[in-house]
Each structure stands twice: as structure tokens, then as C-alpha cells.
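Descriptive structure summary
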Amino acid sequence: MLNEKSIRAKIGIFAIAVGLIGIIIAFFAPTIMTETLHFSQDNIILLTLKSSLIIAIVSLVLIVAILILLALKATKVTFSLASLAIVVVLAFCTWSLTNYTAIQKEQIVMKSFNNEQILKWAEIEQVVYEYHDELPYGQYIFQTAN
């Protein structure tokens, strides 16, 4: 009986494993999902949004925090609340994996969460590349008549 691992120890070890392995998954999952599910020969550029990566990392941190809290206080109520919270966080993370921007020959497709915006190149009046001196990257702004 003394050599048997407790439930708290098992959950703690699982939290550590999720934290270590999850970092790799959080960084690469949005890009892998975008390149796999939304790949098309029409795409000149297919980009994963920065918000997808941030949501994946926040989801990972929340799952690890829930597992650590569960390891510290393991009761039936905390098990049920933790299970529900992990399902909600995983659903939120999965929902964020559908965000992308695709630049095509005829149009630009910007999909974020449940909103998909398609801009035809004829509608775009001006493309502006805006950058900040303190940041190593910039952003494209597509200006339309509207």
C-alpha cells in the first residue's frame, strides 16, 4: 500500500507531462491544422493568425493550472468541475484552430472564429504595410471603399 502512487501524485505527474509536451503542441497545432485542413492550390500565402497561437498557449496554461489545482484538492466536486473546465478549454482551443488568412489570386479570405470575410482584389483600393520601430514585424492593411 505504501508503494502505490496516490491519485494526487498521478495527476501531478500528468500535469507536468501535459506542460512539457503541450508546449510543442500549442506552438505547432494551429499551423499544422491550417496547412492541413485549409490547404488549396489557389493559396499564394496561407497564414495562421497570431491570436490562434495565443489562445492555444493560454488554453495549455489553463489546463495545467486546472490539473495542479486538482492534484492539490481532489474531491468529487473538484473532479467534476475540473472535467467540465477542461472540456470547455479544449473546445475553445479547437474552435481557435480554424482561424487563418489566405491570399489567393482572385481574393483574400480572412477567417476568424465564426466570421469569414472574403475580399476580391477589385474591391481593394490600397494595400499598406505598417510597421513600428520597436517591433521586428509589421502588418498589412487592406483598404477598401467601405
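Description of the structure in this document. (Residues numbered from 1 in each chain as written. Predicted model: local features only at pLDDT ≥ 70, side-chain atom pairs only at ≥ 80, totals over all residues. Heavy atoms only, no water.)

Taken in spatial order, the four strands of this open sheet run S1-S2-S3-S4, and their pairing is antiparallel. Lying at the two open borders of the sheet, with one neighbouring strand each, are strand S1 (43-47) and strand S4 (115-120). Within this sheet the neighbouring strands show an average axis-to-axis angle of 10°, counted without direction. When S1 meets strand S2 (residues 100-104), the two strands line up antiparallel, connected through four bridges. Note on S2: the bridge partner recorded for Ile-45 is Ile-103. (Pairing = 2+ DSSP bridges. Helix = DSSP H or I, 4+ residues; strand = E, 2+ residues; numbered from the N terminus. Axes fitted to C-alpha atoms, helices over the stretch in contact; angles between N-to-C directions.)

Time to look at the packing of aromatic side chains. Counted by the stated rule, this structure contains one aromatic pair. Taking 6.3 Å as the distance between ring centres and 80° as the angle between the ring planes, the aromatic pair formed by Trp-121 and Phe-142 counts as edge-to-face. Taken together, the positions of Trp-121 in the loop between S4 and strand S5 (124-131) and Phe-142 in strand S6 (residues 138-144) put the pair 21 residues apart, joining distant regions of the chain. Of the residues examined, Trp-121 reaches a relative accessible area of 34% and is grouped as partly exposed. (Phe/Tyr/Trp six-rings, centres within 6.5 Å; stacked < 30°, edge-to-face > 60°. Buried < 20%, exposed > 50% of the residue type's maximum accessible area, 1.4 Å probe, protein only.)

Take a nonpolar patch on the surface next. A cluster of nonpolar side chains, contributed by Ile-23, Ile-24, Phe-27, Phe-28, Ile-32, Ile-57 and Val-61, occupies part of the molecular surface with about 670 Å² of accessible area. Breaking the nonpolar patch down by element, the ones donating at least two residues are helix H1 (7-37) and helix H2 (50-72). Note that Ile-24 resides in helix H1. (Patch = residues over 30% accessible without salt bridge, like charges linked within 9 Å, V, L, I, M, F, W, Y side chains within 5 Å. Areas by Shrake-Rupley, 256 points an atom, 1.4 Å probe, with all protein chains shown as cover. Salt bridge = Lys/Arg side-chain N within 4 Å of Asp/Glu carboxyl O.)

This part is about the environment of Thr-101. Within the fold, Thr-101 resides in strand S2. Looking at Thr-101, the relative accessible area reads 11%, which means it is buried. When the C-alpha atoms of Thr-101 and Ile-45 are compared, they prove to be 8.0 Å apart, with 56 residues separating the residues in sequence. Contact partners of Thr-101, with chain neighbours within four places excluded, come to Ile-45, Leu-46, Leu-47, Leu-49, Ile-108, Val-109 and Met-110. (Contact = heavy atoms within 4.5 Å.)

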